[in-house]
Amino acid sequence: NPTYATPGSGSTGFSLRQTVLGFDARGPRLFGATSLADVRADFFANGAQPSYAAAGLLRLRTAHATLRWQNTEAFVEQDRSLISPNTPSSLLAVSQPELSWSGNLWTWNPQIGISHQLNMTPSSRLKFQAGLIDTADPYLPAAPPTTSTISRAERSRWPGPEARIAAGWGDPELGPEFGISGYFSPHETAAQARFNAWAGAIDLRFPVTTHFAFTANAYRGAGLGGLGGGGYVDYVYLYAGTREIAHALDDVGGWAQLKSKLGERLEFNEGYGMDNPFVGQIRASMQIPEYATYFGLARNRTLFSNVIYSPSSYLLFSLEYRHLWSNFATGPTNTSDVIGVGAGYRF
(Lines give C-alpha, C1' and ligand atoms only; values in the text may rest on other atoms or scores of the structure.)
Protein backbone atom coordinates (compact mmCIF):
# COMPACT_ATOMS: atom_id res chain seq x y z
CA ASN A 1 0.00 0.00 0.00
CA PRO A 2 2.55 2.64 -1.12
CA THR A 3 1.76 6.27 -0.32
CA TYR A 4 4.62 8.06 -2.11
CA ALA A 5 6.85 7.39 -5.11
CA THR A 6 10.62 6.76 -5.10
CA PRO A 7 13.05 6.14 -7.99
CA GLY A 8 13.74 2.58 -9.06
CA SER A 9 11.97 -0.51 -10.29
CA GLY A 10 8.64 -1.71 -9.00
CA SER A 11 7.45 -4.95 -7.40
CA THR A 12 4.54 -7.36 -7.27
CA GLY A 13 3.16 -8.79 -4.05
CA PHE A 14 0.36 -10.76 -2.44
CA SER A 15 -0.79 -10.40 1.15
CA LEU A 16 -3.47 -11.37 3.65
CA ARG A 17 -2.32 -8.86 6.27
CA GLN A 18 -5.13 -6.45 5.40
CA THR A 19 -7.41 -8.49 7.67
CA VAL A 20 -9.11 -6.26 10.24
CA LEU A 21 -10.40 -7.85 13.45
CA GLY A 22 -12.53 -6.23 16.10
CA PHE A 23 -15.50 -6.33 18.41
CA ASP A 24 -18.40 -4.10 19.40
CA ALA A 25 -19.90 -3.98 22.88
CA ARG A 26 -22.96 -2.42 24.47
CA GLY A 27 -22.75 -1.94 28.23
CA PRO A 28 -25.11 -0.85 31.01
CA ARG A 29 -26.79 2.54 31.23
CA LEU A 30 -24.70 5.06 33.18
CA PHE A 31 -25.93 8.50 34.27
CA GLY A 32 -28.90 8.07 31.97
CA ALA A 33 -26.71 7.29 28.94
CA THR A 34 -26.15 4.17 26.86
CA SER A 35 -22.55 2.94 27.08
CA LEU A 36 -20.89 1.67 23.89
CA ALA A 37 -17.39 0.50 22.96
CA ASP A 38 -15.54 -0.95 19.99
CA VAL A 39 -11.97 -1.79 18.96
CA ARG A 40 -10.31 -2.65 15.62
CA ALA A 41 -6.88 -4.23 15.02
CA ASP A 42 -4.86 -5.43 12.03
CA PHE A 43 -1.38 -6.82 11.25
CA PHE A 44 0.47 -3.73 9.98
CA ALA A 45 2.75 -2.49 12.77
CA ASN A 46 6.30 -2.56 14.03
CA GLY A 47 8.17 -0.89 16.87
CA ALA A 48 9.57 1.99 14.82
CA GLN A 49 6.31 3.01 13.12
CA PRO A 50 3.48 1.95 15.41
CA SER A 51 0.79 4.02 13.73
CA TYR A 52 1.33 3.44 10.02
CA ALA A 53 4.01 0.81 9.28
CA ALA A 54 3.90 -2.63 7.70
CA ALA A 55 5.92 -5.34 9.45
CA GLY A 56 3.45 -8.10 10.20
CA LEU A 57 2.69 -7.47 13.89
CA LEU A 58 -0.69 -6.93 15.49
CA ARG A 59 -1.58 -3.22 15.53
CA LEU A 60 -4.31 -1.30 17.29
CA ARG A 61 -6.14 0.75 14.64
CA THR A 62 -9.07 2.46 16.32
CA ALA A 63 -10.91 2.19 19.62
CA HIS A 64 -13.92 4.00 21.07
CA ALA A 65 -15.71 4.16 24.41
CA THR A 66 -18.83 6.33 24.43
CA LEU A 67 -21.61 7.48 26.73
CA ARG A 68 -24.55 8.42 24.51
CA TRP A 69 -27.54 10.47 25.60
CA GLN A 70 -30.32 11.55 23.24
CA ASN A 71 -28.38 14.45 21.67
CA THR A 72 -25.03 14.36 23.48
CA GLU A 73 -22.04 12.02 23.51
CA ALA A 74 -18.97 11.90 25.75
CA PHE A 75 -16.13 9.82 24.31
CA VAL A 76 -12.58 8.59 24.67
CA GLU A 77 -11.11 7.13 21.51
CA GLN A 78 -8.20 6.44 19.24
CA ASP A 79 -9.23 7.66 15.81
CA ARG A 80 -8.67 10.32 13.17
CA SER A 81 -8.83 13.94 14.32
CA LEU A 82 -12.13 15.82 14.58
CA ILE A 83 -10.88 18.19 11.85
CA SER A 84 -10.80 15.31 9.32
CA PRO A 85 -14.12 13.43 9.62
CA ASN A 86 -14.42 12.06 6.08
CA THR A 87 -12.41 9.25 4.51
CA PRO A 88 -12.09 8.08 0.88
CA SER A 89 -13.50 4.69 -0.17
CA SER A 90 -11.15 1.80 -0.87
CA LEU A 91 -10.96 -1.94 -0.25
CA LEU A 92 -7.20 -2.10 -0.92
CA ALA A 93 -5.88 0.85 1.13
CA VAL A 94 -6.11 -0.78 4.56
CA SER A 95 -2.75 -0.30 6.31
CA GLN A 96 -3.09 3.41 5.58
CA PRO A 97 -6.34 4.86 4.19
CA GLU A 98 -6.62 6.09 0.62
CA LEU A 99 -4.85 9.44 -0.04
CA SER A 100 -2.77 9.16 3.15
CA TRP A 101 0.02 11.77 3.05
CA SER A 102 -1.71 13.26 0.00
CA GLY A 103 -4.19 15.54 1.74
CA ASN A 104 -5.98 13.00 3.97
CA LEU A 105 -5.17 13.76 7.64
CA TRP A 106 -5.83 10.19 8.67
CA THR A 107 -3.59 9.20 11.61
CA TRP A 108 -5.27 7.54 14.59
CA ASN A 109 -4.45 9.38 17.82
CA PRO A 110 -5.79 9.21 21.42
CA GLN A 111 -8.56 11.74 22.09
CA ILE A 112 -11.15 12.67 24.70
CA GLY A 113 -14.10 14.92 24.04
CA ILE A 114 -17.78 15.68 23.85
CA SER A 115 -20.27 16.06 21.01
CA HIS A 116 -23.71 17.72 21.05
CA GLN A 117 -26.36 17.83 18.33
CA LEU A 118 -28.88 20.65 18.14
CA ASN A 119 -31.92 19.76 16.01
CA MET A 120 -33.06 22.87 14.13
CA THR A 121 -35.91 21.15 12.25
CA PRO A 122 -36.90 17.47 11.86
CA SER A 123 -34.48 17.24 8.91
CA SER A 124 -31.71 19.74 9.80
CA ARG A 125 -29.22 19.94 12.65
CA LEU A 126 -26.12 21.61 14.01
CA LYS A 127 -23.37 19.48 15.51
CA PHE A 128 -20.80 20.80 17.99
CA GLN A 129 -17.68 18.74 18.81
CA ALA A 130 -14.72 19.54 21.04
CA GLY A 131 -11.87 17.49 22.42
CA LEU A 132 -8.24 17.09 23.40
CA ILE A 133 -5.83 15.09 21.24
CA ASP A 134 -2.35 13.63 21.82
CA THR A 135 -0.65 13.60 18.41
CA ALA A 136 2.20 11.18 17.70
CA ASP A 137 5.46 12.14 15.98
CA PRO A 138 5.61 11.45 12.24
CA TYR A 139 8.23 9.10 10.89
CA LEU A 140 9.33 8.86 7.26
CA PRO A 141 10.32 5.27 6.43
CA ALA A 142 13.56 6.42 4.74
CA ALA A 143 14.71 8.44 7.76
CA PRO A 144 16.86 7.16 10.65
CA PRO A 145 14.71 5.54 13.37
CA THR A 146 13.96 7.40 16.57
CA THR A 147 14.57 5.89 19.99
CA SER A 148 12.35 8.33 21.89
CA THR A 149 9.17 6.96 23.46
CA ILE A 150 7.92 10.46 24.34
CA SER A 151 6.31 12.45 21.55
CA ARG A 152 6.97 16.15 21.02
CA ALA A 153 3.35 16.90 21.93
CA GLU A 154 3.71 14.99 25.22
CA ARG A 155 7.01 16.70 25.99
CA SER A 156 5.27 20.09 25.84
CA ARG A 157 3.01 18.90 28.72
CA TRP A 158 -0.05 20.47 27.02
CA PRO A 159 -2.73 18.43 25.19
CA GLY A 160 -3.96 19.73 21.86
CA PRO A 161 -7.49 21.22 21.75
CA GLU A 162 -9.61 20.62 18.65
CA ALA A 163 -13.16 21.66 17.74
CA ARG A 164 -15.65 21.32 14.89
CA ILE A 165 -19.03 22.82 14.02
CA ALA A 166 -21.10 21.18 11.29
CA ALA A 167 -24.49 21.74 9.68
CA GLY A 168 -26.30 18.71 8.29
CA TRP A 169 -29.54 17.79 6.60
CA GLY A 170 -31.42 14.55 6.05
CA ASP A 171 -29.76 11.21 6.87
CA PRO A 172 -27.01 11.70 9.50
CA GLU A 173 -24.67 9.27 7.67
CA LEU A 174 -25.46 9.98 4.01
CA GLY A 175 -27.12 13.39 3.84
CA PRO A 176 -25.46 16.74 3.05
CA GLU A 177 -23.09 18.05 5.73
CA PHE A 178 -20.68 20.97 5.87
CA GLY A 179 -18.20 21.52 8.71
CA ILE A 180 -15.50 23.95 9.80
CA SER A 181 -12.89 23.01 12.40
CA GLY A 182 -9.66 23.97 14.11
CA TYR A 183 -6.74 22.39 15.96
CA PHE A 184 -3.86 23.69 18.09
CA SER A 185 -1.09 21.72 19.83
CA PRO A 186 2.09 22.94 21.56
CA HIS A 187 5.20 20.84 20.78
CA GLU A 188 8.68 20.66 22.28
CA THR A 189 11.69 18.88 20.76
CA ALA A 190 14.20 16.77 22.69
CA ALA A 191 16.51 19.81 22.51
CA GLN A 192 13.79 21.87 24.29
CA ALA A 193 12.94 23.93 21.22
CA ARG A 194 9.23 24.79 21.18
CA PHE A 195 6.81 25.30 18.29
CA ASN A 196 3.05 25.21 17.87
CA ALA A 197 1.13 22.95 15.50
CA TRP A 198 -2.19 24.30 14.26
CA ALA A 199 -4.75 23.86 11.50
CA GLY A 200 -7.98 25.27 10.15
CA ALA A 201 -10.08 22.91 8.04
CA ILE A 202 -13.34 22.53 6.15
CA ASP A 203 -15.16 19.35 5.19
CA LEU A 204 -18.06 18.63 2.86
CA ARG A 205 -20.34 15.68 2.13
CA PHE A 206 -22.84 16.34 -0.65
CA PRO A 207 -25.07 13.74 -2.37
CA VAL A 208 -25.49 15.13 -5.90
CA THR A 209 -28.22 12.63 -6.92
CA THR A 210 -29.37 9.24 -5.66
CA HIS A 211 -26.43 7.70 -7.55
CA PHE A 212 -23.64 10.28 -7.07
CA ALA A 213 -22.02 11.75 -3.95
CA PHE A 214 -19.19 14.26 -3.58
CA THR A 215 -16.92 14.28 -0.50
CA ALA A 216 -14.02 16.60 0.31
CA ASN A 217 -11.69 17.82 3.08
CA ALA A 218 -9.23 20.74 2.94
CA TYR A 219 -6.84 22.30 5.46
CA ARG A 220 -4.24 25.00 6.06
CA GLY A 221 -1.90 24.76 8.99
CA ALA A 222 1.57 24.05 10.34
CA GLY A 223 3.28 21.17 12.14
CA LEU A 224 0.82 18.63 10.74
CA GLY A 225 3.10 15.58 10.44
CA GLY A 226 1.49 13.98 13.49
CA LEU A 227 -1.92 14.19 11.83
CA GLY A 228 -0.78 12.69 8.51
CA GLY A 229 0.34 15.79 6.58
CA GLY A 230 3.39 18.00 6.15
CA GLY A 231 5.27 15.49 4.00
CA TYR A 232 5.93 13.35 7.14
CA VAL A 233 7.51 16.38 8.88
CA ASP A 234 6.34 18.52 11.82
CA TYR A 235 9.05 21.19 11.85
CA VAL A 236 12.25 22.43 10.26
CA TYR A 237 15.13 24.46 11.63
CA LEU A 238 15.50 28.00 10.30
CA TYR A 239 18.60 30.05 11.02
CA ALA A 240 19.38 33.45 12.49
CA GLY A 241 23.07 33.52 11.61
CA THR A 242 24.17 30.13 12.93
CA ARG A 243 21.46 29.96 15.62
CA GLU A 244 18.85 27.29 14.99
CA ILE A 245 15.15 28.13 15.46
CA ALA A 246 12.55 25.36 15.39
CA HIS A 247 9.75 26.39 13.05
CA ALA A 248 6.51 24.46 12.47
CA LEU A 249 6.47 23.57 8.76
CA ASP A 250 3.58 25.36 7.05
CA ASP A 251 1.34 23.12 5.01
CA VAL A 252 -1.78 23.22 2.83
CA GLY A 253 -3.69 20.36 1.27
CA GLY A 254 -6.86 18.39 0.88
CA TRP A 255 -8.70 15.81 -1.17
CA ALA A 256 -11.94 15.23 -3.04
CA GLN A 257 -13.82 12.10 -4.12
CA LEU A 258 -16.76 11.40 -6.41
CA LYS A 259 -18.69 8.21 -5.62
CA SER A 260 -21.15 6.68 -8.08
CA LYS A 261 -23.37 3.77 -7.03
CA LEU A 262 -25.20 1.50 -9.48
CA GLY A 263 -27.67 -0.26 -7.23
CA GLU A 264 -26.68 -1.83 -3.93
CA ARG A 265 -23.91 -4.06 -5.32
CA LEU A 266 -21.64 -1.89 -7.48
CA GLU A 267 -19.86 1.39 -6.80
CA PHE A 268 -17.17 3.44 -8.53
CA ASN A 269 -14.88 5.90 -6.72
CA GLU A 270 -12.55 8.51 -8.21
CA GLY A 271 -10.47 10.91 -6.14
CA TYR A 272 -7.50 13.23 -6.00
CA GLY A 273 -5.48 14.52 -3.06
CA MET A 274 -2.48 16.78 -2.44
CA ASP A 275 -0.30 17.65 0.54
CA ASN A 276 1.95 20.66 -0.05
CA PRO A 277 4.49 21.79 2.60
CA PHE A 278 5.89 25.26 1.93
CA VAL A 279 8.97 24.70 -0.21
CA GLY A 280 10.45 28.09 0.72
CA GLN A 281 10.76 27.00 4.36
CA ILE A 282 12.27 23.66 3.29
CA ARG A 283 14.93 25.42 1.21
CA ALA A 284 15.64 27.92 4.00
CA SER A 285 16.23 25.01 6.40
CA MET A 286 18.95 23.69 4.05
CA GLN A 287 20.97 26.90 3.70
CA ILE A 288 23.80 25.74 5.97
CA PRO A 289 25.38 22.76 4.13
CA GLU A 290 26.50 20.83 7.20
CA TYR A 291 22.89 20.85 8.49
CA ALA A 292 21.23 20.46 5.08
CA THR A 293 19.23 17.32 5.82
CA TYR A 294 15.53 17.07 5.05
CA PHE A 295 14.01 13.58 4.92
CA GLY A 296 10.40 14.59 4.22
CA LEU A 297 8.43 15.25 1.07
CA ALA A 298 8.19 18.68 -0.53
CA ARG A 299 4.87 17.78 -2.19
CA ASN A 300 2.82 14.60 -2.59
CA ARG A 301 -0.13 14.04 -4.92
CA THR A 302 -2.27 10.97 -5.56
CA LEU A 303 -4.96 10.18 -8.12
CA PHE A 304 -7.01 7.01 -7.63
CA SER A 305 -9.92 5.20 -9.21
CA ASN A 306 -11.52 1.97 -8.05
CA VAL A 307 -14.55 -0.23 -8.52
CA ILE A 308 -16.01 -2.23 -5.61
CA TYR A 309 -18.44 -5.07 -6.32
CA SER A 310 -20.37 -6.88 -3.60
CA PRO A 311 -22.31 -9.88 -4.97
CA SER A 312 -23.66 -10.52 -1.45
CA SER A 313 -23.59 -8.81 1.92
CA TYR A 314 -20.55 -10.94 2.84
CA LEU A 315 -18.31 -10.84 -0.25
CA LEU A 316 -16.34 -7.88 -1.66
CA PHE A 317 -14.19 -7.60 -4.79
CA SER A 318 -12.26 -4.56 -6.01
CA LEU A 319 -9.94 -3.37 -8.77
CA GLU A 320 -7.99 -0.16 -8.10
CA TYR A 321 -5.56 2.08 -9.95
CA ARG A 322 -3.46 4.72 -8.20
CA HIS A 323 -0.95 7.22 -9.63
CA LEU A 324 1.55 8.96 -7.32
CA TRP A 325 3.57 12.14 -7.87
CA SER A 326 6.14 12.77 -5.11
CA ASN A 327 8.69 15.57 -4.73
CA PHE A 328 11.59 15.58 -2.29
CA ALA A 329 13.63 18.66 -1.37
CA THR A 330 15.88 18.17 -4.39
CA GLY A 331 15.64 16.24 -7.62
CA PRO A 332 12.87 15.66 -10.16
CA THR A 333 9.31 14.54 -9.53
CA ASN A 334 9.04 10.81 -8.88
CA THR A 335 6.02 9.00 -10.28
CA SER A 336 4.58 5.56 -9.70
CA ASP A 337 1.61 3.51 -10.89
CA VAL A 338 -0.07 1.15 -8.44
CA ILE A 339 -2.54 -1.49 -9.60
CA GLY A 340 -4.29 -3.63 -7.00
CA VAL A 341 -6.86 -6.42 -6.95
CA GLY A 342 -8.61 -7.15 -3.67
CA ALA A 343 -11.11 -9.64 -2.32
CA GLY A 344 -12.73 -9.55 1.08
CA TYR A 345 -15.11 -11.48 3.30
CA ARG A 346 -17.16 -9.49 5.81
CA PHE A 347 -18.16 -11.36 8.96
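Within any chain, residue numbers begin from 1 and follow the written order of that chain's sequence. The predicted origin of the model limits local features to residues at a pLDDT of at least 70 and limits the giving and counting of side-chain atom pairs to 80 or more, whereas totals for whole chains, interfaces and linings rest on all residues. Excluded from the side-chain calculations are hydrogens and water; all other atoms, namely the structure's heavy atoms, are used.

Visitor: Which residues make up empty space enclosed by the protein, and what values do they have?
Guide: Buried and open spaces are told apart on a 1 Å grid over the protein atoms alone, a cavity being a set of points where a 1.4 Å probe fits but cannot get out and a pocket being an open set with protein on both sides within 12 Å along at least five of seven lines. Residues with an atom within 4 Å of a point are the lining residues. Grid points are joined across faces, edges and corners, and a volume is the space filled by probe spheres set on the points. Counted by the stated rule, this structure contains 2 cavities of 30 Å³ or more. Roughly 40 Å³ of volume is contained in the largest cavity. Lining the largest cavity are Pro 2, Thr 3, Pro 97, Glu 98, Leu 99, Ser 100, Ser 102, Thr 302, Arg 322 and Leu 324. Of the residues assigned to the lining of the largest cavity, the class counts are 4 nonpolar, 4 polar and 2 charged. Within this model, the second largest cavity holds a volume of roughly 30 Å³. Lining of the second largest cavity is provided by Ile 83, Ser 84, Gly 103, Leu 105, Ala 201, Asn 217, Ala 218 and Tyr 219. At 3 residues, strand E10 (residues 212-222) tops the list of elements feeding residues into the lining of the second largest cavity. Each residue belonging to the lining of the second largest cavity can be placed in one class, and the counts come to 5 nonpolar, 3 polar and no charged. Just so you know the grouping, Ala, Val, Leu, Ile, Met, Phe, Trp, Tyr, Cys and Pro go in nonpolar, Asp, Glu, Lys and Arg go in charged, and all remaining residues, Gly too, go in polar. Secondary structure follows DSSP: runs of H or I at least 4 residues long count as helices, runs of E at least 2 residues long count as strands, and numbering of each begins at the N terminus.

Visitor: Could you give me a rundown of the nonpolar core, with the residues and numbers involved?
Guide: Soluble globular proteins tend to pack their nonpolar side chains together in the buried interior. Each nonpolar core is a collection of buried residues, namely Ala, Val, Leu, Ile, Met, Phe, Trp, Tyr and Cys, held together in the definition by side-chain atoms within 4.5 Å. For each residue, the accessible area found with a 1.4 Å probe, counting protein chains only, is set against the maximum for its type, and the residue is called buried under 20%, exposed over 50%, and partly exposed in between. Of all hydrophobic cores here, the largest spans 10 residues; its members are Ile 83, Leu 105, Ile 133, Tyr 183, Ala 197, Ala 199, Ala 201, Tyr 219, Leu 224 and Leu 227. For this core, the element with the most residues is strand E9 (residues 194-207), which contributes 3 residues. Residue contacts are defined here by distance: any two heavy atoms, one from each residue, within 4.5 Å place the two residues in contact. For Leu 224, the residues in contact, after removing those within four places along its chain, are Tyr 183, Trp 198, Ala 199, Tyr 219, Gly 229, Gly 230, Val 233, Asp 234 and Asp 251.

Visitor: So what's going on with unusual backbone geometry? Residues and values would help.
Guide: Its identity is not glycine, yet Trp 101 carries a phi of approximately 65 degrees, on the positive side. The exposure class of Trp 101 is buried, given its relative accessible area of 1%. The phi dihedral of Arg 157 falls on the positive side, at around 70 degrees, and the residue is not glycine. Here Arg 157 is to be found in the loop between helix H1 (152-155) and strand E7 (160-169). Exposure remark for Arg 157: the relative accessible area of 76% places this residue in the exposed category.

Visitor: Can you explain the environment of Arg 301? Please cite residues and give values.
Guide: For Arg 301, the location among the structural elements is in strand E15 (residues 299-309). Placed 208 residues apart in sequence, Arg 301 and Ala 93 show a C-alpha to C-alpha distance of 16 Å. Discounting chain neighbours no more than four positions away, the residues touching Arg 301 are Ser 102, Tyr 272, Gly 273, Met 274, His 323, Leu 324, Trp 325, Asn 327 and Thr 333.

Visitor: Which residues make up the packing of aromatic side chains, and what values go with them?
Guide: Put simply, two rings from Phe, Tyr or Trp (the six-membered ring, in Trp's case) pair if the centres are within 6.5 Å, and we call them stacked under 30 degrees between planes, edge-to-face over 60, tilted for the rest. Taken as a whole and assessed by the stated rule, the structure comprises 9 aromatic pairs. Taken together, a centroid distance of 5.7 Å and an interplanar angle of 70 degrees make the contact between Tyr 4 and Tyr 232 edge-to-face. Of this pair, Tyr 4 sits in the segment before strand E1 (21-30) while Tyr 232 sits in the loop between E10 and strand E11 (235-240), placing them 228 residues apart in sequence. Taken individually, Tyr 4 and Tyr 232 each receive the classification buried, so the pair is uniform in this respect. Taking 6.2 Å as the distance between ring centres and 20 degrees as the angle between the ring planes, the aromatic pair formed by Tyr 314 and Tyr 345 counts as stacked. One end of the pair, Tyr 314, is in the loop between E15 and strand E16 (315-327); the other, Tyr 345, is in strand E17 (residues 334-345), and 31 residues separate them in sequence. A residue is classified by how much of its surface remains accessible, and Tyr 345, at 54% relative accessible area, is exposed. Through pairs of rings, three or more aromatic residues link up here, namely Tyr 4, Trp 101, Tyr 232 and Phe 328. Distance and angle both matter: a charge sits over a ring if NZ of Lys or CZ of Arg is within 6 Å of the ring centre and within 35 degrees of the ring normal. For the cation-ring pair, Arg 17 lies above Phe 44, with the distance from its terminal atom to the ring centre recorded as 5.0 Å.

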